Amino acid sequence: MKIGSIIELKVNDEYYLSKGIEKGAHGVVAGDNQDEISVIFFNEHNVGDYAVCNVSSMDVEETGYTLPLEFLSELDDVFGTLKKQSAFTTSEFNEYDDIEVVVEKEEYSEYGVHKGMRGVIMESYAINNQWYVIFTDENTGCDIADICIDEKDMIKLK
């Protein structure tokens, strides 16, 4: 497989599952040693998260798509220096979880969100470990704010 080819994982194997990579995950070929392919997989549950993993050529299938040549030439240096993160980051949060903000931050308070406020996660994925949360006034039912909150700035409520 050529560098830059977009592949799909075709198996659910303990090795991949231990890294958070499931059957159907897509990635980009970063290197090929005939039997083993180095692939950068992208976490569909946390945009911006990735895992670099060596896979058997028997476990993946080419999608027929390849990154454009202009893009590949810019990525040559990146592939060599990419932090070898071998697994997806994990999160305790999910869509529709009730959360509480545990810090006071100006970036939240400018939208009316303060420490101790409770909200609900409204998306099935995070972006760079930030979740889209809606905060609603308990008395009126009116939405106060809908903003992204960093995982480390909130706790999951039961």
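Anything mentioned here points back to the structure above.
All values derive from a computational prediction rather than experimental measurement.

Novice: Looking at this structure, I do not really get the layout of surface pockets. What am I missing?
Specialist: One way to see where empty space is left: roll a probe the size of a water molecule over the atoms. Roughly 280 Å³ of volume is contained in the largest pocket. Taken together, 19 residues make up the lining of the largest pocket; nearest its centre are Asn-43, His-45, Thr-89, Thr-90 and Ser-91. Residue classes in the lining of the largest pocket are distributed as six nonpolar, ten polar and three charged. Of the pockets and cavities examined, the second largest pocket occupies roughly 200 Å³. If you trace the second largest pocket, you find it lined by Gly-20, Glu-22, Lys-23, Gly-24, Ala-25, His-26, Phe-42, Asn-43, Glu-44, His-45 and Phe-88. Broken down by class, the residue content of the lining of the second largest pocket amounts to three nonpolar, five polar and three charged.

Novice: Where do I start with the environment of Asp-150 in this structure?
Specialist: Its location among the elements puts Asp-150 in strand S11 (residues 143–150). Separated by 101 residues in the primary sequence, Asp-150 and Asp-49 have C-alpha atoms spaced 14 Å apart. Engagement of the side chain of Asp-150 in a polar contact is seen with the backbone nitrogen of Lys-152, the distance being 3.1 Å.

Novice: Please explain the sheet that holds strand S2 (residues 26–33) as it appears in this structure.
Specialist: Neighbouring strands of a sheet are bound in pairs by backbone hydrogen bonds; such pairs are parallel or else antiparallel. The antiparallel open sheet is built from five strands, whose spatial order is S5-S3-S2-S1-S6. Bordering the open sheet on either side are strand S5 (50–56) and strand S6 (60–66), each of which pairs with just one other strand. Direction aside, the axes of adjacent strands within the sheet are offset by 40° on average. One ladder, built from four bridges, connects strand S1 (residues 5–9) with S6; its direction is antiparallel. When the sheet's bridge partners are listed, Ser-5 is paired in S6 with Thr-66.

Criteria and thresholds
Residues numbered from 1 in each chain as written. Predicted model: local features only at pLDDT ≥ 70, side-chain atom pairs only at ≥ 80, totals over all residues. Heavy atoms only, no water. 1 Å grid on protein atoms, 1.4 Å probe; cavity = no way out; pocket = protein on both sides within 12 Å on 5 of 7 lines; lining within 4 Å. Points joined across faces, edges and corners; volume = space filled by probe spheres on them. Nonpolar A, V, L, I, M, F, W, Y, C, P; charged D, E, K, R; others polar. Helix = DSSP H or I, 4+ residues; strand = E, 2+ residues; numbered from the N terminus. Polar contact = N/O pair within 3.5 Å; in protein donor to acceptor, adjacent residues only side chain to side chain. Pairing = 2+ DSSP bridges. Axes fitted to C-alpha atoms, helices over the stretch in contact; angles between N-to-C directions.

Distances and angles like these do not, on their own, reveal function.
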